[in-house]
Amino acid sequence: MKSYMAKKGEIPHNWYLIDAKDKVLGRLSSGIATLLLGKNKVTFTPHVDSGDGVIVINIEKIKVTGNKLKDKIYETYSCYQGGKKEMTLETLMKKRPENVLRLAVRRMLPKTRLGDDMIKRLKIYVGDKHTHEAQTPKEIKL
């Protein structure tokens, strides 16, 4: 019995449209990561980028549970003395709500060049309009 190994360029990338209105951040991001990885396909191969593209709209209406809006802290460090910056989830949602989902999904993908290619197929939009009609995305619910 032989095992099937997909090759690069052999598997087509489909596009999916997801409405993030009233969805929980963690459950939505894990579903998106599954689509980007391609784990929902029978031809999944770990070392080949076999995932699909995902378009997310209405990201400003996403929900979080518990006290995460005030308790969850995002940290960045510039490698200079005193270069540590902290921002709560609440302030990040006001400034750049698309970065919240992008960070959550990116941390679920491989930390390699393969993960860098996967995150490029994630398109996030504030509001209900997007510019990817040419990809003919299929609307799905997660």
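Look up: the structure comes first, before these words.
Residues numbered from 1 in each chain as written. Predicted model: local features only at pLDDT ≥ 70, side-chain atom pairs only at ≥ 80, totals over all residues. Heavy atoms only, no water.

Structural notes on the overall build of the chain
Put simply, the rule is: Where helices and strands are cited, they refer to DSSP runs of H or I of at least four residues and of E of at least two residues respectively, numbered from the N terminus. Summary of the burial criterion: residues with accessible area below 20% of their type's maximum are buried, those above 50% are exposed, and those between are partly exposed, where the area comes from a 1.4 Å probe applied to protein chains only. Areas reported as accessible are Shrake-Rupley estimates using a 1.4 Å probe. Residue values count occlusion only from the protein chains shown. A residue counts as positive if it is Lys or Arg and as negative if it is Asp or Glu; His and the chain ends are not included. Every charge is mapped onto a representative atom, which is NZ of Lys, CZ of Arg, CG of Asp or CD of Glu.
The secondary structure content of the chain amounts to five helices and six strands. For the chain, the proportion of its 142 residues judged to be buried stands at 37%. For the chain, the accessible area works out to roughly 9400 Å², and carbon and sulfur atoms hold 54% of it. Positive and negative side-chain charges of the chain, numbering 29 and 16 respectively, have mean locations separated by a distance of 3 Å.

Here we look at the packing of aromatic side chains
Operational definition: Any two of the Phe, Tyr and Trp rings considered here, Trp counted by its six-membered ring, make a pair once their centres fall within 6.5 Å; the pair's planes then place it as stacked at under 30 degrees, edge-to-face at over 60, or tilted in between. Cation placement over rings: the criterion is NZ of Lys or CZ of Arg within 6 Å of the ring centroid and within 35° of the ring normal.
Applying the stated criterion across every chain yields a total of zero aromatic pairs. Above the ring of Tyr-74, the side-chain terminus of Lys-72 is found at 5.2 Å from the ring centroid.

What to know about the pairing of strand E3 (residues 73–77)
Filter applied, for reference: Only when DSSP finds a minimum of two bridges between them are two strands counted as paired.
Summarising the sheet, E3 and strand E4 (residues 84–88) pair through five bridges and their orientation is antiparallel. Its bridge partner being in E4, Ile-73 is matched across the sheet by Thr-88. In this structure, the hairpin formed by E3 and E4 is closed by a connection of six residues, where Cys-79 is found at a positive phi of approximately 70°.

So, helix H1 (residues 25–37)
Along an α-helix, residues three or four apart share an orientation, since each turn contains 3.6 residues. Here is the rule we go by: To estimate the expected span of a helix, count its residues, drop one, and scale the result by 1.5 Å. We call two residues contacting when some pair of their heavy atoms lies within 4.5 Å.
Taking 1.5 Å per residue as the helical rise, H1 with its 13 residues ought to reach 18 Å, and the 18 Å between its terminal C-alpha atoms agrees with that figure. Every buried residue of H1 is listed here: Leu-25, Leu-28, Ser-29, Gly-31, Ile-32, Ala-33, Leu-35, Leu-36 and Leu-37. The secondary structure elements touched by the buried residues of H1 are strand E1 (15–19), strand E2 (53–57), helix H4 (97–106), helix H5 (113–119) and strand E5 (122–124). Looking one or two residues beyond H1, the residue adopting positive phi is Gly-38, at roughly 90°.

Considerations on the sheet that holds E2
Stated precisely, the cut-off is as follows: The axes used here are C-alpha line fits, helices contributing only the stretch in contact, and every angle between their N-to-C directions lies in the interval 0 to 180 degrees.
Within the open sheet, the four strands sit side by side as E5-E2-E1-E6. Their pairing is parallel. Two strands lie at the open edges of the sheet, namely E5 and strand E6 (138–139), each paired on one side alone. Here E1 pairs with E6 via two bridges, running parallel. Bridging from a neighbouring strand, Leu-17 pairs with Glu-139 of E6. Of the strands in this sheet, E2 and E5 touch H4, which is tilted by about 160° from E5.

Comments concerning the environment of Asp-117
By secondary structure assignment, the location of Asp-117 is in helix H5. On the accessibility criterion, Asp-117 (37% relative accessible area) is partly exposed. Separated by 81 residues in the primary sequence, Asp-117 and Leu-36 place their C-alpha atoms 9.6 Å from one another.

Thoughts on unusual backbone geometry
Here Cys-79, not a glycine, exhibits a phi torsion of approximately 70°, which is positive. Checked against the element boundaries, Cys-79 lands in the loop between E3 and E4. Cys-79 gets classed as exposed once you look at its relative accessible area, which sits at 66%. The backbone of Thr-136 sits at a positive phi, close to 45°, despite the residue not being glycine. Judged by relative accessible area, Thr-136 falls into the exposed class, the value being 59%.

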